Amino acid sequence: MDAELKAVELQEVPELKMEDEEELKMEDEEELKMKVKDDALKDEDALKVKDAALKDEDDEAELKDADVTEDLDQEQQEKEPMTGGQRPSDAPPAGGDAAAAAEKNGSVKLKIPEETPEEVKFTGLSKEELLRVAGTPGWVRTRWTLLLLFWLGWLGMLLGAVLIILQAPRCRDLPVTSWWNHGPLYQIGNVQAFTDGRDLKGLEQKVGALSQLKVKGVVVGPLHVAPPDEAVSLRFEEISPEVGNLEQFKGFVQAAHKKGISVVLDLTPNYQGTSGPWFSNVSVTNVAERLKSALVFWLDEGVDGVQLSGVERVSTIVPSLWADIRAIVQNGTEQRPDKRVLIGITDRSSVEDVSSLLSSTGVDLLISRVLRPGDPDATERAQSVQRLYSSHSQTQLAWSLGGRTEGHLASLVGPALVKLHQLLLLTLPGTPVFNYGDEIGLMDEDTKFPKMLWDSDDALNETRQEERAERLSCRSFFRSLSELRGKERSLLFGDFVLLSNSSSSLAYLRVWDQSARYLAAFNWAEEATLLQLSDATLPQQAAVVLSTNSSVLPAEGSVDLTNLRLGPGQAALLRFPYAG
C-alpha cells in the first residue's frame, strides 16, 4: 500500500515541477513587460518635462519680443506727428493689409555681433626652453654662421669706404687767410660828412647800417690833430675836437666789434697838407719815430689795424724805422693775439711799381691806382689784374676806385656804370675797398667829401622819388654781392681765369676746387656786345645770379655761354656747378 502511495507521489512530483517552471516563466515575462512599460513611462515623463522646458523658453522669448515690439511701437508713435485721432494718409489699410503692416512694423531686426576668436599672443620661449635649445648642435652652428656673416659684412663695408676715399678726388687745402680777406673794406674819410651827428657818437649809431652791407672792416679817419704842413704841431694820440673824443671812439669800436666789424684807423701824418703825407724829407725820420709810440697807443685802444699813405717814401727813406712800424702792427702780443692789418696807400699806377712795392714794403694790403678810372682801354686793365695775380698772393691784393683824394665811384665812372664797377671790384681776386656812399652811387659835388644820403620817410617829389629808388636799388645790389662774396669759396679765394678780353668787354672765371663756379662778364661799350665763350671747362648753359639790368637778364634765368649778349654798360654774374 505504502509502495503504491510512494509510486503515486513520485509520479506527481515531475508534473508539479513542470507546472512550477511554467508558472515562473510566466511571471518572468510579466515582470519584463512591466519593466518595459515602466521604462516607456519614464521616457514619456522625460519628454514631457523637456517639452515643458522648451515651451517655457518659447514663452519667455515671445514675452521679450512683445516687449521690444511694444517699445518700438511707442518710439514710432513718439516720432509721428500729432494727427488729432485721424489716420494719416499713408497709414496701412484695414483688414489683412493692416494686419500685415502691423506685423511688419512690429518686427525688429537685431544684429548680434559675431564672436571673434581670441587672438593668440606669442609669448616666446621660456628661460628653461631657451637653455635647453642653446646648447644643441644645430643652434651652435647657426650662431657661428650668423657671427661669421656679420663680420664679413662689416669688413666689406669698411673696404668699400676705404675704396671710396681712395678713389675720390682730394680736396684742396684752404689757403691761410685773415679777416680782411673775407669781405670788403669801407672807408670813412670824413666822419662829419658821413653822419647826421657829425661826430664819432653819430658814427656809432650807423654801425647797424654798416653791418647790413656785409662789410668786414671800416677804415676811419684820419682823426688826429694835424695842422696842415706843420710837423711840429702833429699829435697822433689826440682826436680832433671837431669829430669827438676818445670815449666816443671807444664806444664806436666796441659797437663795431659786436657786429663783427673790424676797425682800421688811418694815421697818415700830414693828411690835410700839400707837402706830402710825411711832410718834407727832413721830417720823415722824426715823424716815423713819433708814429711808433702812437701805434702802440691805438692798438691798445682796440683798433684792428692801421692805414698809412705814402708808404713808398717812409719805407725807402728810413727802412729801419719802417721795419719797426711793421713789427708793431703785424706782430701779435699776449695782450693783442689777434692779427692786425697794415694797409699801405700809393699813388703809383703801373703794374711794375705796384708789384715792387708789394714786395719791398711788406704791407698786408696795398691800395694803388692800377684800376685807373675812366681808362678807355679795358684790355690793359685786365692784363694788369692778371699780372699782379700771377706775381703775388691774392691775399695781398686790394682793388679800389676812388678814395680821399680821388673822390667817389659814381663821379669817376658815371652813375650808369656804378653797379658794373661794384660787380668788378667784388669779384676780382683780392680785397675790394669802397669809399663811403659808393654803395648808393653818391656823387661828388663841390667837395670830395659830400654829405652822405640816408634813407628817410620824408615826402618826396617825383624826381626825388626816382633818385631814392635808384639809390635803394644800387644799395641792394651791393649788399647782395657783398654777402655772396663772403660765403662762396670761389669768390673768396678761388683761381682767376681770364676768358675774354677786349677794349670794351671782359669775362673771367673764379674757380675753387669742387665749389660752384662763377663767371663775371662786362660790357663797357655804349652798344650791345656778343660774347662767344667756349672753353673745355665751360658748360653751354649757366644760371644768372645777378645782373645790372634784371629786366634783360633776370636772376635765376639761364643763358647760353656760346651766345652771351650784354647790353650797353651791362654786366652779369653767372654760376654753374662743378662737373667733376
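Reading the values: rules and limits
Residues numbered from 1 in each chain as written. Predicted model: local features only at pLDDT ≥ 70, side-chain atom pairs only at ≥ 80, totals over all residues. Heavy atoms only, no water. 1 Å grid on protein atoms, 1.4 Å probe; cavity = no way out; pocket = protein on both sides within 12 Å on 5 of 7 lines; lining within 4 Å. Points joined across faces, edges and corners; volume = space filled by probe spheres on them. Helix = DSSP H or I, 4+ residues; strand = E, 2+ residues; numbered from the N terminus. Nonpolar A, V, L, I, M, F, W, Y, C, P; charged D, E, K, R; others polar. Pairing = 2+ DSSP bridges. Salt bridge = Lys/Arg side-chain N within 4 Å of Asp/Glu carboxyl O. Buried < 20%, exposed > 50% of the residue type's maximum accessible area, 1.4 Å probe, protein only. Lys, Arg positive; Asp, Glu negative; His and termini not counted. Polar contact = N/O pair within 3.5 Å; in protein donor to acceptor, adjacent residues only side chain to side chain. Contact = heavy atoms within 4.5 Å. Core = buried A, V, L, I, M, F, W, Y, C linked by side-chain atoms within 4.5 Å. Axes fitted to C-alpha atoms, helices over the stretch in contact; angles between N-to-C directions. pLDDT = per-residue confidence, 0-100. Patch = residues over 30% accessible without salt bridge, like charges linked within 9 Å, V, L, I, M, F, W, Y side chains within 5 Å. Areas by Shrake-Rupley, 256 points an atom, 1.4 Å probe, with all protein chains shown as cover. Parallel < 35°, antiparallel > 145°, perpendicular 65-115°, else oblique. Phe/Tyr/Trp six-rings, centres within 6.5 Å; stacked < 30°, edge-to-face > 60°. Lys NZ or Arg CZ within 6 Å of the ring centre and 35° of its normal.

Caption draft 1: Highlighting empty space enclosed by the protein. The tally for this structure, following the rule as stated, stands at three cavities of 30 Å³ or more. What lines the largest cavity is V354, L358, L366, S368, V370, L371, L388, Q396, L397, A398, W399 and S400. Sorting the residues of the lining of the largest cavity by element identifies α12 (351-361) and β9 (398-400) as the ones contributing at least two each. Counting residues per element, the lining of the largest cavity draws most heavily on β9, at three residues. What the second largest cavity holds in volume is close to 50 Å³. T177, N181, Q394, T395, G430, T431, R485, L492 and F493 are the residues that line the second largest cavity. Counted by class, the lining of the second largest cavity contains two nonpolar, six polar and one charged residues.

Caption draft 2: Highlighting the pairing of strand β11 (residues 495-501). Where β11 meets strand β12 (residues 505-511), six bridges bridge the pair, whose relative direction is antiparallel. Paired with N501 across the strands is L506, a residue of β12. Hairpin connection, β11 to β12: the antiparallel pair is bridged by three residues.

Caption draft 3: Highlighting the pattern of salt bridges. According to the stated counting rule, one finds eleven salt bridges in the structure shown. A salt bridge links K292 to D324; the nearest nitrogen and oxygen atoms lie 3.2 Å apart. With K292 in helix α9 (residues 284-300) and D324 in helix α11 (residues 319-330), this residue pair connects regions lying 32 residues apart in the sequence. Shared partners join several salt bridges into a network, and the residues in it are E247, K250 and E301.

Caption draft 4: Focus on the side chain of D513. Summarising the element assignment, D513 is placed in the loop between β12 and β13 (517-523). At 5.6 Å, R172 is the nearest oppositely charged side chain to D513, a buried residue that forms no salt bridge. One polar contact links the side chain of D513 to the main-chain amide nitrogen of R172, over a distance of 3.2 Å. Sequence-distant contacts of D513, defined by excluding residues within four places in its chain, comprise R170, C171, R172 and Y578.

Caption draft 5: Region of interest: the nonpolar core. With 101 residues, the main nonpolar core has Y186, L223, F249, L267, L308 and F522 as its most contacted residues. Per element, the largest residue contribution to this core is eight residues, and it comes from α9. Setting aside chain neighbours within four positions, we find F522 in contact with L420, L423, L424, T427, S504, S505, L506, Y508, L566, Q570 and A571. Formed by 18 residues, the second largest nonpolar core is a distinct cluster that contains L538, A542, L561 and L564.

Caption draft 6: Just the layout of surface pockets, in detail. Put simply, the largest pocket is a space of about 650 Å³. In this structure, the largest pocket is lined by 35 residues; those nearest its centre are S309, I345, R404, T405 and E406. Those elements that provide at least two residues to the lining of the largest pocket are β1 (185-188), β6 (305-309) and α10 (311-317). The residue makeup of the lining of the largest pocket, split by class, is ten nonpolar, 18 polar and seven charged. Volume-wise, the second largest pocket comes out at about 470 Å³. Along the wall of the second largest pocket there are 23 residues; nearest its centre are P415, V418, I440, G441 and E470. No other element matches the four residues that helix α16 (residues 462-487) contributes to the lining of the second largest pocket. Split by residue class, the lining of the second largest pocket holds twelve nonpolar, five polar and six charged.

Caption draft 7: Focus on the sheet that holds β11. Ordered by their spatial adjacency, six strands build an open sheet running β11-β12-β13-β18-β15-β16, and the pairing between neighbours is antiparallel. Either end of the sheet is taken by a strand with one partner, and the two such strands are β11 and β16 (558-560). Here the strands of the sheet are splayed against their neighbours by 30° on average, with no regard to which way each runs. Relative to β13, β12 is paired through six bridges, and the arrangement is antiparallel.

Caption draft 8: Representation of the pairing of strand β15 (residues 541-547) within the structure. Counting buried positions along β15 yields five of seven residues, so the element is predominantly enclosed. Sheet topology note: the β15/β16 ladder contains three bridges and is antiparallel. Bridging from a neighbouring strand, A543 pairs with S558 of β16. Alignment of β15 against strand β18 (residues 571-576), held across four bridges, turns out to be antiparallel. Across the sheet, the residue bridging to V544 is L574, located in β18.

Caption draft 9: Inspection of the confidence of the model for the chain at higher detail. This prediction gives the chain a mean pLDDT of 84; 78% of its residues lie at or above 70. Every residue in residues 98-104 scores below 50 in pLDDT, and together they form three contacts with partners more than four places removed in sequence or on other chains.

Caption draft 10: Inspection of helix α15 (residues 418-427) at higher detail. Burial runs high along α15: ten of the ten residues are buried. For α15, the full list of buried residues reads V418, K419, L420, H421, Q422, L423, L424, L425, L426 and T427.

Caption draft 11: How the structure looks around the side chain of S515. Here S515 is to be found in the loop between β12 and β13. Classification of S515 by relative accessible area gives buried; the value is 18%. Apart from the residues within four sequence positions on either side, S515 is in contact with R489, S490 and Y578.

Caption draft 12: Main features of a nonpolar patch on the surface. On the surface, W144, L147, F150, W151, W154, L155, M157, L158, L159, V162, L163 and L166 cluster together into a nonpolar patch covering about 1,300 Å² of accessible area. With a relative accessible area of 40%, L163 lands in the partly exposed category.

Caption draft 13: Representation of the packing of α9 against α11 in the model. Relative orientation of the contacting elements α9 and α11 amounts to 5°, with a least axis distance of 10 Å. Between α9 and α11, the angle falls in the class roughly parallel. Note on element contacts: α11 touches α9 through L321, D324, I325, I328 and V329, opposite T285, A288, E289, L291, K292, L295, V296 and L299. Split into classes, the residues belonging to the contact of α9 with α11 amount to nine nonpolar, one polar and three charged.

Caption draft 14: The packing of aromatic side chains, seen in detail. Scanning the entire structure with this criterion turns up 15 aromatic pairs. Measuring from centroid to centroid gives 6.5 Å for F249 and F252, while their planes differ by 55°, and the two rings are tilted. Of the two residues, F249 and F252 both sit in helix α8 (residues 246-258), three residues apart, roughly one turn of that helix. Given the relative accessible area of 0%, F252 is considered buried. With a centroid separation of 5.3 Å and an interplanar angle of 75°, the aromatic rings of F249 and W298 are classed as edge-to-face. Of the two residues, F249 sits in helix α8 while W298 sits in helix α9, which places them 49 residues apart along the sequence. Of the aromatic side chains, those joined through ring pairs into one cluster are Y389, F496, Y508, F522 and W524. The lysine or arginine in question, K206, covers the ring of W454, its NZ or CZ lying 4.0 Å from the ring centre.

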